[in-house]
Amino acid sequence: MGIKVGIGLAALGAVLFGVYLRFIRPWQLRWGATDEEVARAMPGDGVVKQPTFNATRAVTIQARPEEIWPWLVQIGITRAGWYSYDWLDNLGHHSAERIIPEWQHVAVGDLIPISPDGKAGMRVKAFEPNQWMLRWDNKGDVTWYWGLYPQDDSQTRLITRVRSSYRWTKPSILFSLLVAFTDIVMMRKCMLGIKQRAERARRQASKAVGVM
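The notes below deal with the structure included here. (Residues numbered from 1 in each chain as written. Predicted model: local features only at pLDDT ≥ 70, side-chain atom pairs only at ≥ 80, totals over all residues. Heavy atoms only, no water.)

### Here we look at the overall build of the chain
On a plain count of helices and strands, the chain comes out with five helices and six strands. What you see in the chain, going N to C, is helices and strands ordered as α-α-β-α-α-β-β-β-β-β-α. Within the chain, buried positions represent 41% of all 212 residues. Across the chain, contacts joining residues at least 24 apart in sequence account for 63% of those joining residues at least 6 apart. Here the chain has roughly 11,900 Å² of accessible surface; of this, 62% comes from carbon and sulfur atoms. (Helix = DSSP H or I, 4+ residues; strand = E, 2+ residues; numbered from the N terminus. Buried < 20%, exposed > 50% of the residue type's maximum accessible area, 1.4 Å probe, protein only. Contact = heavy atoms within 4.5 Å. Areas by Shrake-Rupley, 256 points an atom, 1.4 Å probe, with all protein chains shown as cover.)

Right, dumping it as structure tokens:
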């Protein structure tokens, strides 16, 4: 009986994994992105030569690039947060709902913290204000790109691309695999959080101008 149960569970696991690879994985790796956006060359693509993990996600925001950029600049734990699930990735602190002036300076080499003590994270490798920012692990195993692509005077595509090359013999592979299967949860929420905040700020600014 035990053997039959084991075989049944193994078969079920294989089926579920097959469903994941066939339907969920493709959606997860390109959530919101068009075929053209997935194929588009972006800054930093050449840093990780042969990525094991390569994901491009996108969302449309009813705001101009310069209205979205400040939200990207201040991202990070111990900073403005990740606009995602704060109980999971921001020590339970609510992510900022406003632009924070002290976090608006950005320079190559700056740390974008992801650890509770604010000492570990990714570095800014390159950027063009109001256009794009490339972060990396300072080694060449991981890059994280954010791009702003205006569609018209009031609409922008926010695109993010994560490229990673796994080190299969290193203990860090466990974290890499965890990220590979679950990062879409945080990333989707983060991008929608940016969209919500940027659009709300734009509406508030429009109302203020209207009152004046």
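After that view of the structure, there is still more to cover.
### Observations regarding the packing of aromatic side chains
For any pair of aromatic rings, geometry is given as the distance between the ring centres together with the angle between the planes. Evaluation of the coordinates by the stated rule reveals five aromatic pairs. On the basis of an interplanar angle of 35° and a centroid distance of 6.4 Å, the ring pair of Trp 132 and Tyr 145 is categorised as tilted. With Trp 132 in strand S4 (residues 132–136) and Tyr 145 in strand S5 (residues 142–152), this residue pair connects regions lying 13 residues apart in the sequence. Owing to a relative accessible area of 3%, Tyr 145 belongs among the buried residues under this scheme. (Phe/Tyr/Trp six-rings, centres within 6.5 Å; stacked < 30°, edge-to-face > 60°.)

### Section: the pattern of salt bridges
On inspection of all chains with the given rule, the structure shows eleven salt bridges. Of the charged contacts in the structure, one is a salt bridge between Glu 97 and Arg 197, with a shortest N-O distance of 3.1 Å. You can see Glu 97 sitting in the loop between helix H4 (86–89) and strand S2 (111–113) and its partner Arg 197 sitting in helix H5 (residues 173–211), a full 100 residues away along the chain. Judged by its relative accessible area of 35%, Glu 97 falls in the partly exposed class. The exposure class assigned to Arg 197 is buried, which follows from its relative accessible area of 4%. One salt-bridge network, in which partners are shared between bridges, spans Arg 64, Glu 66, Glu 67 and Arg 202. (Salt bridge = Lys/Arg side-chain N within 4 Å of Asp/Glu carboxyl O.)

### Considerations on the side chain of Asn 90
In this fold, Asn 90 is placed in the loop between H4 and S2. We classify Asn 90 as buried; its relative accessible area is 6%. For Asn 90, the residues in contact, after removing those within four places along its chain, are Gly 76, Ile 77, Thr 78, Gly 81, Tyr 85 and Ser 95.

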